[in-house]
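Observations on the model geometry
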Amino acid sequence: KVCYHNAAQIADYGSLGHAEVVRLRIPPAAFPDFAVEYVKLFDDKGNRPDQFQDRGGEYRNLVGVPGGAGSRFAEQLVAASQANGDKLNFARGKGDDKDARAIAFVMDSAEFPFFVAEQYHQFHDGFNFGENYPGSYNGLADVLARGGQLGTSQCPNGLLGVGVLGL
């Protein structure tokens, strides 16, 4: 089990070397389109918009794909970056990688599997001023949970176990 930071210090993802990621199921034929959109997230110096707020190993740039850095998916990421200004480098993820500007670590999703986050930590507003998303987005966690599609976590729900405002 892997948990978000919590007062009980149970399976804290940061101390375990894990990072925050989003799981997407992308048909292989659509991966080149995803790769283009992914590299567009970075500015001309290779920074993500949130990289000045969220720093450290838990926030490093990761892409997990079958086969990792040796896969055709990694090749498609590199090609997308080169076609969009070559502002991002890719490296083989080892699991204990440091947060670094302009580097995305490509992880083998079989070796480094995805873990479901606590429900309160999914589909919430951003933490920057004015970074509020529509209710249709915020409500997805409940809709997916009721439909059995969200997955479950055996972790404390929030920093203090409350699950409200990250507490």
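Presented here is an overview of the structure given in this document. Quantities reported herein were computed from a predicted structural model and do not represent experimental measurements. (Residues numbered from 1 in each chain as written. Predicted model: local features only at pLDDT ≥ 70, side-chain atom pairs only at ≥ 80, totals over all residues. Heavy atoms only, no water.)

A word on the overall build of the protein chain
Along the backbone of the protein chain there are four helices and three strands. Taken over the C-alpha trace, the protein chain has a radius of gyration of 16 Å; the compact-globule value for 167 residues is 15 Å, and the two agree within 12%. Principal-axis analysis of the C-alpha atoms gives the protein chain an extent of 45 × 35 × 30 Å. The buried share of the protein chain, taken over its 167 residues, is 31%. Here the contacts in the protein chain between residues at least 6 apart in sequence split such that 58% fall between residues at least 24 apart. (Helix = DSSP H or I, 4+ residues; strand = E, 2+ residues; numbered from the N terminus. Rg over C-alpha atoms; globule rule 2.2 N^0.38 Å. Buried < 20%, exposed > 50% of the residue type's maximum accessible area, 1.4 Å probe, protein only. Contact = heavy atoms within 4.5 Å.)

Re the pattern of salt bridges
If you walk through the whole model with that rule in mind, you get one salt bridge. A salt bridge links Glu37 to Lys40; the nearest nitrogen and oxygen atoms lie 3.2 Å apart. Its relative accessible area of 47% is what places Glu37 among the partly exposed residues. (Salt bridge = Lys/Arg side-chain N within 4 Å of Asp/Glu carboxyl O.)

Quick notes on helix H1 (residues 31–39)
Looking only at H1, the buried set comprises Phe31, Ala35, Tyr38 and Val39. The arc enclosing the buried residues of H1, seen along the axis, measures out at 85 degrees, which places them on a common side. Where H1 is buried, its residues contact strand E1 (61–65), helix H2 (72–83), strand E2 (89–92) and strand E3 (103–108). (Arc of directions from axis to C-beta.)

Details of a nonpolar patch on the surface
Taken together, Tyr133, Tyr137 and Leu140 make up a surface patch of nonpolar side chains, about 240 Å² in accessible area. Using a relative accessible area of 32% as the deciding quantity, one classes Tyr137 as partly exposed. (Patch = residues over 30% accessible without salt bridge, like charges linked within 9 Å, V, L, I, M, F, W, Y side chains within 5 Å. Areas by Shrake-Rupley, 256 points an atom, 1.4 Å probe, with all protein chains shown as cover.)

Overview of the environment of Gln76
Position of Gln76 among the secondary structure elements: in helix H2. Using a relative accessible area of 21% as the deciding quantity, one classes Gln76 as partly exposed. Put simply, Gln76 and Ala35 are 41 residues apart on the chain and 6.6 Å apart in space, counted from C-alpha to C-alpha. Not counting the four nearest positions on each side in its chain, Gln76 is found in contact with Phe31, Pro32 and Ala35.

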